[in-house]
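Tertiary structure, described
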Amino acid sequence: PTHSLTRRGALIVVEGLDRAGKSSQCELLQSFLREHGRAVKYIRFPDRSTPIGKLIDSYLRGSANQDDHSIHLLFSANRWEIAKSIEVDIASGITVIVDRYSYSGAVYSAAKANPTLSLEWAWQPEIGLPRPDICLFLSISAEETAKRGGFGAERYENEAMQTRVRDLFRSLFDRQEDVEVIDAGRSLEEVSRDMQAAVTACFDRLDAIGPLRAME
Ligand code: TMP
Ligand code: MG
């Protein structure tokens, strides 16, 4: 009986372009939530530690090639293989912070401009995954990312790809509910303050939301 009295945790997704500050902000958010007495777990996608994740890792590093559709489905499978454990954690009262999720999945694949890989096609395998209670999108301009230094060596880390990703994130988030756009071109403190406010408001809505929902 005590089980049914456990308040569930929240599923919080943090999205954004490379160098938007996702990792630092996820750390700050974890500390904030722990200071407020919440049990928190942090996960990131791709999870490169699983067998599927290792395939993704060698693709991103450029040591293996993959068909666009095939690698897309592997990124999605990498979420599905961890979906159940997210549900279990949330039900047991743990708040899960996820660094990149289905939104990155759909947008990076669609940005390849493959004629048979539309944003709509790319979204389909995400349907049914645990749906975030809130998605914090760290929005950053091309000018600001340029100021933050050079690209890394991984696939997708180039100007043309990042520009298409930025545009696609915008058109995807026009159609999504529960997305909070945060101006990430400011100081760490300013950005984290906005994230904390959005997450606090999300916790206030959690009873009204009810059980963890599924992605549509
Ligand atoms: P990371 O830099 O956050 O580790 O992500 C690696 C790259 O993988 C990044 O360029 C975004 C991309 N990506 C996808 O293409 N599809 C996905 O489903 C995810 C989660 C990331
Ligand atoms: Mg990266």
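So, here is what we can say about the structure in this document.

Parameters and conventions
Residues numbered from 1 in each chain as written. Chains lettered and ligands numbered in written order. Predicted model: local features only at pLDDT ≥ 70, side-chain atom pairs only at ≥ 80, totals over all residues. Heavy atoms only, no water. Helix = DSSP H or I, 4+ residues; strand = E, 2+ residues; numbered from the N terminus. Rg over C-alpha atoms; globule rule 2.2 N^0.38 Å. Buried < 20%, exposed > 50% of the residue type's maximum accessible area, 1.4 Å probe, protein only. Contact = heavy atoms within 4.5 Å. Areas by Shrake-Rupley, 256 points an atom, 1.4 Å probe, with all protein chains shown as cover. Lys, Arg positive; Asp, Glu negative; His and termini not counted. Charge placed at Lys NZ, Arg CZ, Asp CG, Glu CD. Core = buried A, V, L, I, M, F, W, Y, C linked by side-chain atoms within 4.5 Å. Axes fitted to C-alpha atoms, helices over the stretch in contact; angles between N-to-C directions. Parallel < 35°, antiparallel > 145°, perpendicular 65-115°, else oblique. Left-handed = near helix turned anticlockwise from the far one by under 90°. Nonpolar A, V, L, I, M, F, W, Y, C, P; charged D, E, K, R; others polar. Expected span 1.5 Å × (residues − 1). Polar contact = N/O pair within 3.5 Å; in protein donor to acceptor, adjacent residues only side chain to side chain.

1. Topic: the overall build of the protein
Helix and strand counts for the protein stand at nine helices and five strands. Put simply, the protein runs from its N terminus to its C terminus through helices and strands in the order α-β-α-β-α-α-β-α-α-β-α-α-β-α. Whereas a compact globule of 216 residues would reach a radius of gyration of roughly 17 Å, the protein reaches 17 Å, a difference of no more than 12%. Projected onto its principal axes, the C-alpha coordinates of the protein cover approximately 50 × 35 × 30 Å. Per-residue burial over the protein gives 48% buried out of 216 residues. Sequence separation of 24 or more characterises 83% of the internal contacts of the protein that already satisfy a separation of 6 or more. For the protein, the accessible surface area stands at approximately 10,500 Å², while carbon and sulfur atoms represent 53% of it. Side chains of the protein give 27 positive and 32 negative charges; the mean places of these two sets differ by 2 Å.

2. Here we look at the nonpolar core
Side chains of nonpolar character tend, in soluble globular proteins, to be buried together. Counting 63 residues, the largest nonpolar core has L29, L33, Y103 and L136 as the members making the most contacts within it. Non-local contacts of L29, meaning those with residues more than four positions away in its chain, are made with I12, I97, L136, M195 and V199.

3. Overview of the packing of helix 3 (residues 51-61) against helix 4 (residues 68-91)
Axis separation between helix 3 and helix 4 bottoms out at 9 Å; the angle between their running directions is 140 degrees. Regarding the angle of helix 3 to helix 4, the classification is oblique. The crossing of helix 3 and helix 4 is left-handed. Taken together, the residues of helix 4 that come into contact with helix 3 (itself represented by I52, G53, L55, I56, Y59 and L60) are D68, I71, L74, F75, A77, N78 and E81. Per-class residue counts for the contact of helix 3 with helix 4 are nine nonpolar, two polar and two charged.

4. Brief notes about helix 8 (residues 159-173)
Taking 1.5 Å of rise per residue, the 15 residues of helix 8 would be expected to cover 21 Å, and the 21 Å separating its terminal C-alpha atoms lies within 8% of that figure. For helix 8, every residue scored as buried is listed here: M161, Q162, V165, R166, L168, F169, L172 and F173. Summarising the contacts, the buried residues of helix 8 are in contact with strand 1 (11-16), helix 5 (102-110), helix 6 (119-123), strand 4 (134-139), helix 7 (142-147) and strand 5 (179-183). Two or three places before A160, at the start of helix 8, stands the capping residue N158, its side-chain oxygen 3.3 Å from that residue's backbone nitrogen.

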